[in-house]
Amino acid sequence: MEPLGAPAAQGLRLATRTAKLGAVRPEAFLRRAGQTPRGFWARGRAWVAHAGATKLLHVDRMPEAHGRMAAVWADAVEVLGTGERRASAPPRLFGGFSFRADHRPTGMWRGFPSGLFVLPAVELESRGDVSRVRVQRLVEAWADPHETDEALEAELEAVLSALSRPAAAAGTSNRPPIDLPAAPAPGARDAWRQVVNDALDAIGREYVSKVVLARTLDVAPPEELDPIAVTLALWADNPRAHVFLFEPEPGATLLGAAPETVATVSGSDFHATAVAGSVPLGSSPEETAALAEQLLASRKDQLEHRFAVEDMVERLEEIAADVRAEWEPHVITLSRIQHLETRIRARLPEEGTVLSALQALHPTPAVCGLPRDEALAFIHAEEPFERGWYAGPVGWFDLAGNGVFAPALRCAVGREGTWRLFAGAGIVAGSTPDAEWAETGIKFEPVLRALEASRPV
């Protein structure tokens, strides 16, 4: 048994067992989770999956955004104890926040409150050829160490046994892709033109300088699809994106492939990527390169991108030191689209955490607009649907304050056989409704293709 740190304020301590192993796939592990919370977070070959719930931390709706992240941090410290921050491998909690602090978890978003994090019972992490599995539970401080050790050892052996069995094919089956009925609802395009024109009018009146508008696409596959298969298909097709799956309860699924991170913290080092401005891929490498040059030369896209970078830098300078951003954006080419990207770095103070950075930055201009409060008010008044966790920060943090959070973009929420896809576009001076409609259509494609390529439950 490996007790971590001092007992928590509630008289509990976290007991763990770990084991190292070779290369593994995540699907058998995730399916073993059954009816418990589970999640998957990946970029490239590196990934972490988790199952079960040793503890759930949740935040109900708040009248304003400030305080959600601080409340989650305080709850985590209360449950796990300050000693965990000094542990060699601090426990991690996985989850995220809704876009708005006053979000109500209803309809498709049942099970997704304003903020929710899970301390998993089992965690499996892989970095190529090396993997590590960790089982853990909160036990009373006076619990018999021998009994706790035996229980954790049995659970670890069960997990290792499941991982040793051959896994099913990742993300797909041998059948051809399914044909999804994915046409926009009647009148959706006219409604989009109207809301974009309203945004352009607000920009012309200098009420806002940028506003990020989203639209939805509801898809009902002819058969119930396996969320794990959908996620693995999404991962296979989008290796440069931050791919995520979070299921807080049975039947409630959020998955997506975000192109950026809003906050990555390791020790005092902060890193983020500002992503704004888009063009499609070409039909050949030469055409794709030409479109990238067109994106770099676009005054409209450069304006949209500069808004995001300057606001993030300004907000970071209030909480961090040595804030620096790349002088010029570069083009990041993903599987379906190209974006302008700028890397931003900073140094957090000793008391800083990834959650305190999130509290300062969310929502960024890349998912909301500028000025923030006016853009939020415009979105709330004009969008005819509940954003829920769309464009909210999702990811993980540990008790040392480290973590990685991406905005929930290129995503879908699934419930009862229906999937609602979300895609957004930044509206600035020079935007046109039809061009932004086409851009959001491209942003639906990653999840649409993953749904088509996946297999039934």
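Residues numbered from 1 in each chain as written. Predicted model: local features only at pLDDT ≥ 70, side-chain atom pairs only at ≥ 80, totals over all residues. Heavy atoms only, no water.

Draft legend 1. Structural detail: the overall build of the protein. Helix and strand counts for the protein come out as ten helices and 22 strands. Taking 457 residues into account, the globule formula puts the C-alpha radius of gyration at 23 Å, and the protein, at 22 Å, falls close to it. Out of the 457 residues in the protein, the part that is buried amounts to 55%. Split by element, the accessible area of the protein, about 18,600 Å² in all, is 51% carbon and sulfur. Here the protein contributes 47 positively and 61 negatively charged side chains, and the mean placements of these two sets differ by 2 Å. (Helix = DSSP H or I, 4+ residues; strand = E, 2+ residues; numbered from the N terminus. Rg over C-alpha atoms; globule rule 2.2 N^0.38 Å. Buried < 20%, exposed > 50% of the residue type's maximum accessible area, 1.4 Å probe, protein only. Areas by Shrake-Rupley, 256 points an atom, 1.4 Å probe, with all protein chains shown as cover. Lys, Arg positive; Asp, Glu negative; His and termini not counted. Charge placed at Lys NZ, Arg CZ, Asp CG, Glu CD.)

Draft legend 2. Here's a closer look at the pattern of salt bridges. The final tally for this structure, using the stated rule, is 32 salt bridges. Between Glu125 and Arg132 there is a salt bridge, with the nearest N and O atoms lying 3.4 Å from each other. Residue classification places Glu125 among the buried residues on the basis of a relative accessible area of 16%. Close ionic contact of Arg449 with Glu445 constitutes a salt bridge, the shortest N to O distance being 3.8 Å. Placement of the pair is Arg449 and Glu445 together in helix α10 (residues 433–453), with a separation of four residues, close to one helical turn. Residue classification places Arg449 among the partly exposed positions, given a relative accessible area of 39%. (Salt bridge = Lys/Arg side-chain N within 4 Å of Asp/Glu carboxyl O.)

Draft legend 3. Spatial organisation of helix α9 (residues 372–382). Along α9, the residues that are buried comprise Arg372, Ala375, Leu376, Phe378 and Ile379. Down the axis of α9, the buried side of the element spans an arc of 160°, and every buried residue falls inside it. The exposed set on the far side of α9, more than 90 degrees from its buried face, consists of Asp373, His380 and Ala381. The inward-facing, buried residues of α9 contact α4 (188–204), β10 (210–219), α7 (299–317), α8 (354–361) and β18 (369–370). (Arc of directions from axis to C-beta. Contact = heavy atoms within 4.5 Å.)

Draft legend 4. Molecular detail of the pairing of strand β6 (residues 92–97). Judged by how many residues are buried, β6 sits mostly within the fold: six of six residues are covered. On β6, burial covers both faces: Arg92, Phe94 and Gly96 on one face and Leu93, Gly95 and Phe97 on the other are all buried. Pairing analysis gives five bridges linking β6 to strand β19 (residues 393–398), with the strands arranged antiparallel. Its bridge partner being in β19, Leu93 is matched across the sheet by Phe397. In terms of strand pairing, β6 meets strand β7 (residues 115–119) through four bridges, oriented antiparallel. Counted as the bridge partner of Gly95 is Phe117 from β7. (Pairing = 2+ DSSP bridges.)

Draft legend 5. Focus on the environment of Asn197. When you line up the elements, Asn197 lands in helix α4. Of the residues examined, Asn197 reaches a relative accessible area of 39% and is grouped as partly exposed. Once the C-alpha coordinates of Asn197 and Ser431 are considered, the two residues, 234 residues apart in sequence, prove to be 9.3 Å apart.

Draft legend 6. View of unusual backbone geometry. In this structure, Pro363 follows His362 across a cis peptide bond, with omega equal to -5°. Tracing the chain through its elements places Pro363 in the loop between α8 and β18. The omega torsion across Leu370 and Pro371 is -15°, close enough to zero to call that bond cis. A positive phi angle, close to 65°, is found at Glu206, a residue other than glycine. Take Glu206: it is sitting in the loop between α4 and β10. For Glu206, a relative accessible area of 71% puts it in the exposed group. In the Ramachandran plot, Ala391 falls in the positive-phi region, its phi being about 70° despite a non-glycine side chain.

Everything listed here is a matter of coordinates, which is why it stays silent on function.
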